[in-house]
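Spelled out, the chains give:
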Amino acid sequence: MPISGEMLIGATALRGTDKPIRAIEAATGQPMEPAFGGGTAADVDRACSLAWAAFDTYRETAPEARAAFLEACAQAILDIGDELITRAMAESGLPRGRLEGERGRTVGQLRLFAGEVRDGSYLSARIDPALPARAPLPRPDLRLRMIPLGPVAVFGASNFPLAFSVAGGDTASALAAGCPVVVKAHSAHPGTSELVGRAIQGAVKAAGLPEGVFSMLFGSGQVVGQGLVADPRIKAVGFTGSRSGGTALMKTAAARPEPIPVYAEMSSINPVFLLPKAMASRAAAIGKGFVGSLTLGAGQFCTNPGLVLALEGPDLDTFLASATEALGGAPAQTMLTPGILSAYQTGVSHLAGNNRVRKVASGQLATAGTQGEAALFETTAAHFMDDPALAEEVFGAASLVIRCPDVETMLRLAEGLEGQLTATIQMEEGDVEMAKKLLPVLERRVGRILVNGYPTGVELSHAMVHGGPYPSTSDGRSTSVGTMAITRFLRPVCYQDMPEALLPAALRNDNPMGLWRRVDGALGQK
Ligand SMILES: NC(=O)C1=CN([C@@H]2O[C@H](COP(=O)(O)OP(=O)(O)OC[C@H]3O[C@@H](n4cnc5c(N)ncnc54)[C@H](O)[C@@H]3O)[C@@H](O)[C@H]2O)C=CC1
Ligand SMILES: O=C(O)CCC(=O)C(=O)O
């Protein structure tokens with residue numbers, strides 16, 4: 001499929017007339033063909049108008065039709081073939097194996113949501129039958145179902161050009177909920193975005209759905225990004241990126257005459273707690289495993305383990321020696337964009353230049369100006385507490401180890417952390433008492449707590465939480481990965497004393513959708 005540089009607005013493809021964007025080949029730093037015309041305010045208006053026009057029809061599609069559409073999107077992405085992988089490799093610098101895996105995850109996500117739509121439990125159907133004889137007052141007939149919020153603006157992420165981008169988790173969950181989607185493609189991978197966008201556009205057409213179910217725009221954060229979030233027909237926002245970008249969108253959304261929810265995944269340093277018995281039994285193995293997670297994808301994961309907390313002592317020295325050795329074998333890696341590389345280098349040089357921080361180890365030296373070198377630093381708990389800048393995310397393969405004098409200090413540091421996507425505990429049976437103290441603190445701070453693993457690599461499943469308190473996300477009440485993500489784009493409506501003829505299928509007496517429903521408080525399939 002030739003990449004044209006056009007935006008996709010409903011069923012049409014057109015060239016934006018605002019400042020053009022070119023992808024930069026990540027490995028060489030050279031601009032790539034073609035140029036992608038940027039969207040204007042008029043393009044935003046057209047995409048939002050089509051999305052709004054599509055909403056009432058799309059939201060009432062039968063479960064089977066919507067599920068089949070999601071599966072058709074997945075198949076259409078696979079049908080692009082190797083061109084998708086080679087273009088994504090060029091634009092992102094990520095290796096083939098990673099992108100093939102990411103494509104599998106993207107497709108798997110769409111299929112998982114197809115299953116969720118068929119299952120129907122997300123509708124949360126509840127029926128409280130009327131109690132006309134209740135004294136002192138009769139109870140009316142009350143029925144609840146979840147309905148979709150409306151068109152959703154989705155911002156593609158730079159670091160996952162497939163799984164968190166045009167057809168990524170936010171798009172999949174919004175479409176599953178019954179919301180049309182307008183994507184602002186990330187300028188780092190416009191060609192990949194166009195290929196995926198055309199696959200979705202084709203699936204919309206083949207399913208006979210209204211064209212406004214999906215649009216995709218290129219352009220600037222100011223015109224297209226802000227324009228979408230301010231548009232009155234957009235009713236929710238999904239975003240993965242920087243804290244400054246996410247908080248700017250939160251402000252715009254909150255300042256609208258009708259404020260809307262923003263689900264922004266932003267910065268997280270994902271603390272790893274190394275408990276004493278685990279360190280006594282396997283400090284060297286933990287050091288090696290940690291470096292594997294730290295350097296995955298050049299560290300460009302929001303789940304990257306950027307902070308390690310451990311007790312002072314010889315086991316910590318063993319951990320550091322092992323991590324140093326593993327880092328010595330870690331090649332420098334191409335980073336996603338010149339901007340992300342330069343932000344990473346600035347973050348690393350701030351740590352290196354901080355006289356309260358010591359550089360422990362480095363990865364192999366860069367062989368090209370587009371590569372980032374991994375780095376490991378250490379400091380003391382006292383210095384960490386004194387200098388809030390040390391808790392800021394350095395997006396890339398850099399991490400800071402905190403030497404804690406005792407368990408109480410480790411707990412105090414945990415208590416002082418900002419909201420995080422994940423926290424990891426490395427522990428053995430003998431660490432249970434300490435872990436019990438840590439757990440309530442972490443529950444208040446993070447979205448996913450894992451034991452004896454590493455935080456990078458999020459599973460697609462029903463119980464997954466990929467979210468967390470601010471600033472890891474703008475709204476810690478939900479997840480961006482896993483089927484629970486559908487709830488972000490839904491709200492409840494209650495139908496009181498509604499005649500059967502007006503009730504949605506989910507709430508009719510004969511339960512034509514065969515849903516599990518809560519009838520008079522009891523869950524059952526009736
Ligand atoms: N924690 C995480 O998951 C991630 C964090 N980042 C961080 O973000 C930095 C920059 O990377 P990007 O991916 O380019 O993120 P970014 O936040 O700069 O951009 C993401 C998207 O939001 C838009 N945008 C940014 N600021 C905006 C604003 N004020 N108004 C409207 N739209 C706006 C951009 O045009 C782009 O489409 C990285 O160096 C890293 O620190 C990046 C990717 C993932
Ligand atoms: O760890 C993962 O698989 C997901 C990471 C992520 O969501 C991100 O980097 O934006």
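Cut-offs applied
- Residues numbered from 1 in each chain as written.
- Chains lettered and ligands numbered in written order.
- Predicted model: local features only at pLDDT ≥ 70, side-chain atom pairs only at ≥ 80, totals over all residues.
- Heavy atoms only, no water.
- Helix = DSSP H or I, 4+ residues; strand = E, 2+ residues; numbered from the N terminus.
- Rg over C-alpha atoms; globule rule 2.2 N^0.38 Å.
- Buried < 20%, exposed > 50% of the residue type's maximum accessible area, 1.4 Å probe, protein only.
- Areas by Shrake-Rupley, 256 points an atom, 1.4 Å probe, with all protein chains shown as cover.
- Lys, Arg positive; Asp, Glu negative; His and termini not counted.
- Charge placed at Lys NZ, Arg CZ, Asp CG, Glu CD.
- Salt bridge = Lys/Arg side-chain N within 4 Å of Asp/Glu carboxyl O.
- 1 Å grid on protein atoms, 1.4 Å probe; cavity = no way out; pocket = protein on both sides within 12 Å on 5 of 7 lines; lining within 4 Å.
- Points joined across faces, edges and corners; volume = space filled by probe spheres on them.
- Nonpolar A, V, L, I, M, F, W, Y, C, P; charged D, E, K, R; others polar.
- Domains from an automatic or database assignment.
- Near = heavy atom within 4 Å.
- Polar contact = N/O pair within 3.5 Å; in protein donor to acceptor, adjacent residues only side chain to side chain.
- Sits in = over half its atoms within 2 Å of the grid points.
- Phe/Tyr/Trp six-rings, centres within 6.5 Å; stacked < 30°, edge-to-face > 60°.
- pLDDT = per-residue confidence, 0-100.
- Axes fitted to C-alpha atoms, helices over the stretch in contact; angles between N-to-C directions.
- Parallel < 35°, antiparallel > 145°, perpendicular 65-115°, else oblique.
- Left-handed = near helix turned anticlockwise from the far one by under 90°.
- Contact = heavy atoms within 4.5 Å.
- Buried area = accessible area lost by both parts, 1.4 Å probe.

1. Structural notes on the overall build of the protein chain
At step 1: The secondary structure content of the protein chain amounts to 14 helices and 23 strands.
At step 2: Its C-alpha atoms give the protein chain a radius of gyration of 25 Å, within 12% of the compact-globule value 24 Å for 526 residues.
At step 3: Based on the C-alpha atoms only, the size of the protein chain along its principal axes is roughly 75 × 65 × 40 Å.
At step 4: Counting every position in the protein chain, which comprises 526 residues, the buried fraction comes to 56%.
At step 5: Of the roughly 20400 Å² of accessible surface on the protein chain, a fraction of 57% belongs to carbon and sulfur atoms.
At step 6: Counting 46 positive and 51 negative side-chain charges, the protein chain places the averaged centre of each group 4 Å from the other.

2. Description of the pattern of salt bridges
At step 1: Counting across every chain of the model gives 31 salt bridges.
At step 2: The closest approach of N and O atoms between Asp141 and Arg143, which form a salt bridge, is 2.7 Å. Each of the two residues, Asp141 as well as Arg143, counts as buried.
At step 3: Here Glu378 makes a salt bridge to Arg358, at a shortest N to O gap of 3.1 Å. Taken as a pair, Glu378 in strand 17 (residues 375-380) and Arg358 in strand 15 (residues 358-362) lie far apart in primary sequence, 20 residues in all.
At step 4: One continuous salt-bridge network, built from bridges that share partners, spans Glu312, Asp317, Arg358, Glu378 and Arg403.

3. Some words on empty space enclosed by the protein
At step 1: Counted according to the given criterion, the structure contains 4 cavities of 30 Å³ or more.
At step 2: In terms of lining residues, the largest cavity is bounded by 18 residues, among which Ile269, Gly306, Glu392, Val394 and Ala398 are the most central.
At step 3: The element contributing the most residues to the lining of the largest cavity is strand 18 (residues 398-404), with 3 residues.
At step 4: Its residues assigned to classes, the lining of the largest cavity shows 11 nonpolar, 5 polar and 2 charged.
At step 5: In this structure, the second largest cavity encloses a volume near 80 Å³.
At step 6: In terms of residue class, the lining of the second largest cavity is made up of 5 nonpolar, 5 polar and 2 charged.
At step 7: Counting the residues that make up the lining of the second largest cavity, at least three belong to each of domain 1 (7-96 + 149-266 + 477-488) and domain 2 (271-451).

4. Some details on the site of ligand 1
At step 1: Looking at ligand 1, there are 21 residues lining it, with Ser158, Gln226, Ser242, Met266 and Cys302 nearest.
At step 2: Lys184 has a polar side-chain atom sitting 2.9 Å from an oxygen atom of ligand 1.
At step 3: Within the side chain of Gln226, one N or O atom sits 2.8 Å away from a nitrogen atom of ligand 1.
At step 4: For ligand 1, whose free accessible area comes to 810 Å², the fraction covered by protein is 81%.
At step 5: Listing elements by their share of the shell around ligand 1, those giving two or more residues are helix 7 (221-230), strand 10 (236-240), helix 8 (243-255) and helix 11 (338-352).
At step 6: Of all the elements, helix 8 adds the most residues to the shell around ligand 1, at 3 residues.
At step 7: Looking at the shell around ligand 1 residue by residue, the classes come out as 9 nonpolar, 9 polar and 3 charged.
At step 8: A domain-level breakdown of the shell around ligand 1 finds at least three residues from each of domain 1 (7-96 + 149-266 + 477-488) and domain 2 (271-451).

5. Examining the site of ligand 2
At step 1: Lining the immediate environment of ligand 2, one finds 13 residues, of which Arg105, Asn159, Cys302, Thr303 and His466 sit closest.
At step 2: Between ligand 2 and Gly457, the relevant distance is 2.8 Å, taken from an oxygen atom to a main-chain nitrogen or oxygen of the residue.
At step 3: If ligand 2 stood free it would expose 290 Å²; the protein chains cover 100% of that surface.
At step 4: When atoms are counted within 2 Å of each cavity's grid points, the one that captures over half of ligand 2 is the second largest cavity.
At step 5: The residue inventory of the shell around ligand 2, partitioned by class, reads 5 nonpolar, 6 polar and 2 charged.
At step 6: When we break the shell around ligand 2 down by domain, the ones giving at least three residues each are domain 1 (7-96 + 149-266 + 477-488) and domain 2 (271-451).

6. Examining the packing of aromatic side chains
At step 1: Evaluated as defined, the whole model comprises 8 aromatic pairs.
At step 2: Where Tyr58 meets Phe69, the ring centres are 6.2 Å apart and the plane angle is 85°; that geometry is what we call edge-to-face. Highlighted residues: Tyr58 in helix 1 (residues 41-59) and Phe69 in helix 2 (residues 63-80), separated in sequence by 11 residues. Of the two residues, Tyr58 and Phe69, both sit in the buried class.
At step 3: Ring centres of Tyr263 and Phe489 lie 5.8 Å apart, and the angle between their planes is 85°; this geometry places the pair in the edge-to-face category. Here Phe489 lies in the loop between strand 20 (446-451) and strand 21 (490-496) and Tyr263 lies in strand 11 (residues 262-265), a separation of 226 residues in the sequence.

7. Topic: the confidence of the model for the protein chain
Do not read the fine detail of predicted coordinates wherever pLDDT is low.
At step 1: Confidence along the protein chain averages 98 in pLDDT terms, with 100% of residues attaining 70 or more.
At step 2: With a pTM of 0.97, the predicted complex shows an ipTM of 0.94.

8. Things to note about the packing of helix 2 against helix 5 (residues 169-177)
At step 1: Look at helix 2 against helix 5: their axes get within 10 Å of each other, and the N-to-C directions meet at 160°. Taken together, helix 2 and helix 5 sit at an angle that is classed as roughly antiparallel. The two elements helix 2 and helix 5 meet at a crossing, and its hand is right-handed. Residues Arg66, Phe69 and Leu70 of helix 2 form the contact with helix 5, whose participating residues are Ala172, Leu175, Ala176 and Ala177.
At step 2: Here the residues of the contact of helix 2 with helix 5 are counted per class, giving 6 nonpolar, no polar and 1 charged.

9. Considerations on the domain arrangement of the protein chain
A common measure of how large an interface is: the accessible area buried when the components associate.
At step 1: When its domains are assigned, the protein chain resolves into domain 1 (7-96 + 149-266 + 477-488) and domain 2 (271-451).
At step 2: Just the C-alpha atoms count here: the centres of domain 1 and domain 2 sit 33 Å apart.
At step 3: Domain 1 puts 16 residues into the contact, and the matching count from domain 2 is 15 residues.
At step 4: Where domain 1 abuts domain 2, roughly 1100 Å² becomes buried across the two surfaces, and 60% of that area is made up of carbon and sulfur atoms.
At step 5: Taken together, the links from domain 1 to domain 2 amount to 1 salt bridge.
At step 6: One can count 3 residue pairs in polar contact (both at pLDDT 80 or more) joining domain 1 with domain 2.
At step 7: Considering only residue class, the side of domain 1 that touches domain 2 consists of 7 nonpolar, 6 polar and 3 charged.

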